[in-house]
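Geometric and topological summary
Below are the chains, spelled out letter by letter.
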Amino acid sequence: MIWLTGLSGAGKSTIAAALCDLFAEVGHPAILLDGDAVRDAIGDENCGHDPESRLKNAYRICRFARMLAEQGFPVIVATMSLYHEIHDWNRKNLPGYFETYLDVSPEVLRKRDPKGLYRRAEQGRETNMVGLHIVVQAPKAPHLRLTNNGDLSEVPKMVRRVFEAALAALGESCGR
């Protein structure tokens, strides 16, 4: 279970997709749970982006991830889920949980802005932005913290770091 967390534009989805490709290359296809894709698949019109809805959606993703992992699938999760209670729940309930926090400077996040969220928030057209309107609860003790202020050319190196660190942690937890 590799859990990638960070703000919008941190590179979670990009790194997660590349991790899935790497797992497939080594003969262990993984399942990707991307926060936006899960939200879209569930289609709950009552689940917005306010703090309570974000927490509700984060718990949904946690439970889906646990269900898949318990069936023996490698699971890669890419989602904000920036709540300490989610990180704590994951550590207690997700088998082989490996938390990676993608730390990106505010300037780079605004520059990337893949969904136009930061631009709309600055124009007053977007509310409930984590990091602007909602306080960020970054993981207290992620297994791996990566600063991702680079461009796409840095992705393969970051993917390799996550992959190797997660495998090393898994080996340690299995007594290897």
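Residues numbered from 1 in each chain as written. Predicted model: local features only at pLDDT ≥ 70, side-chain atom pairs only at ≥ 80, totals over all residues. Heavy atoms only, no water.

Quick notes on a nonpolar patch on the surface
Defined as follows: Residues qualify for a patch when their relative accessible area is over 30% and they have no salt bridge, like charges being joined within 9 Å and the nonpolar side chains of Val, Leu, Ile, Met, Phe, Trp and Tyr within 5 Å. Throughout, the Shrake-Rupley method with a 1.4 Å probe supplies accessible areas, and for residues the shown protein chains are the sole cover considered. A pair is scored as a salt bridge if a Lys or Arg side-chain nitrogen falls within 4 Å of a carboxyl oxygen belonging to Asp or Glu. Summary of the burial criterion: residues with accessible area below 20% of their type's maximum are buried, those above 50% are exposed, and those between are partly exposed, where the area comes from a 1.4 Å probe applied to protein chains only.
A surface patch of nonpolar side chains, amounting to about 240 Å² of accessible area, comprises Ile 42, Phe 64 and Met 67. Taking the relative accessible area as the measure of exposure, Phe 64 reaches 34% and is therefore partly exposed.

So, the sheet that holds strand β2 (residues 31-34)
What counts, and what does not: In this description, strands pair whenever DSSP reports at least two bridges between them. The helix and strand labels rest on DSSP assignments: H or I over at least four residues marks a helix, E over at least two residues marks a strand, and numbering proceeds from the N terminus. In this analysis an axis means a line fitted to C-alpha atoms, helices contributing only their contacting stretch, and an angle means the value between N-to-C directions, from 0 to 180 degrees.
As summarised here, the arrangement of the 5 strands in space is β2-β3-β1-β4-β5, forming an open sheet in which the pairing is parallel. The open sheet has two edge strands with one neighbour each: β2 and β5 (144-147). The average undirected angle you get between the axes of adjacent strands in this sheet is 15°.

Section: the side chain of Asn 90
Under the convention used in this document: We call two residues in contact when some of their heavy atoms are within 4.5 Å.
One can find Asn 90 in helix α4 (residues 84-93). Since its relative accessible area comes to 0%, Asn 90 is described here as buried. With residues near it in sequence (within four places) discarded, Asn 90 still touches Trp 3, Cys 62 and Tyr 97.

Some points on the packing of helix α3 (residues 51-70) against α4
Which entries qualify depends on this criterion: We call two directions roughly parallel when the angle between them is under 35 degrees, roughly antiparallel when it is over 145, roughly perpendicular when it lies between 65 and 115, and oblique otherwise. Handedness of a crossing is defined here by the sense of rotation of the near helix relative to the far one, left-handed for an anticlockwise turn of less than a right angle and right-handed for a clockwise turn.
Closest axis-to-axis distance for the α3/α4 pair is 11 Å, and the angle between their directions is 15°. When the axes of α3 and α4 are compared, the pair comes out roughly parallel. Between α3 and α4 lies a crossing of right-handed hand. The segment α3 lies against α4, with Leu 55, Ala 58, Tyr 59, Cys 62, Arg 63 and Arg 66 engaging Glu 85, Ile 86, Trp 89, Asn 90 and Asn 93.

So, the pattern of salt bridges
Taken as a whole, this structure holds 4 salt bridges when the rule is applied. Between Arg 91 and Glu 99 there is a salt bridge, with its nearest N and O atoms 3.1 Å apart. Taking relative accessible area as the criterion, Glu 99 reaches 0% and is therefore assigned buried. Here Asp 103 and Arg 145 are joined by a salt bridge, their closest N and O atoms 3.6 Å apart. Taken together, the residues Asp 103 in strand β4 (residues 98-103) and Arg 145 in strand β5 connect sequence positions 42 residues apart.

Some thoughts on the environment of Leu 102
Of note, Leu 102 is situated in strand β4. Sequence separation of Leu 102 and Ala 65 is 37 residues, and the distance between their C-alpha atoms is 19 Å.

Considerations on unusual backbone geometry
Unlike most non-glycine residues, Ser 81 shows phi in positive territory, near 35°. Following the sequence through the fold, Ser 81 ends up in the loop between β3 (75-78) and α4. Given the relative accessible area of 5%, Ser 81 is considered buried.

Brief notes about the layout of surface pockets
To keep it simple, the criterion reads: Points on a 1 Å grid, built from protein atoms alone, make a cavity when a 1.4 Å probe fits but cannot get out and make a pocket when they are open with protein on both sides within 12 Å along at least 5 of 7 lines; residues with an atom within 4 Å of a point are the lining residues. Grid points are joined across faces, edges and corners, and a volume is the space filled by probe spheres set on the points. Three categories are distinguished: nonpolar for Ala, Val, Leu, Ile, Met, Phe, Trp, Tyr, Cys and Pro, charged for Asp, Glu, Lys and Arg, and polar for the others, with Gly belonging to the last.
Within this model, the second largest pocket holds a volume of roughly 460 Å³. As for the second largest pocket, its lining consists of 22 residues, and the residues nearest its centre are Met 1, Phe 23, Pro 74, Gly 96 and Leu 170. Of all the secondary-structure elements, those providing two or more residues to the lining of the second largest pocket are β3 and α7 (155-173). Sorting elements by how many residues they give to the lining of the second largest pocket places α7 first, with 6 residues. Class assignment of the residues belonging to the lining of the second largest pocket gives a composition of 17 nonpolar, 5 polar and no charged.

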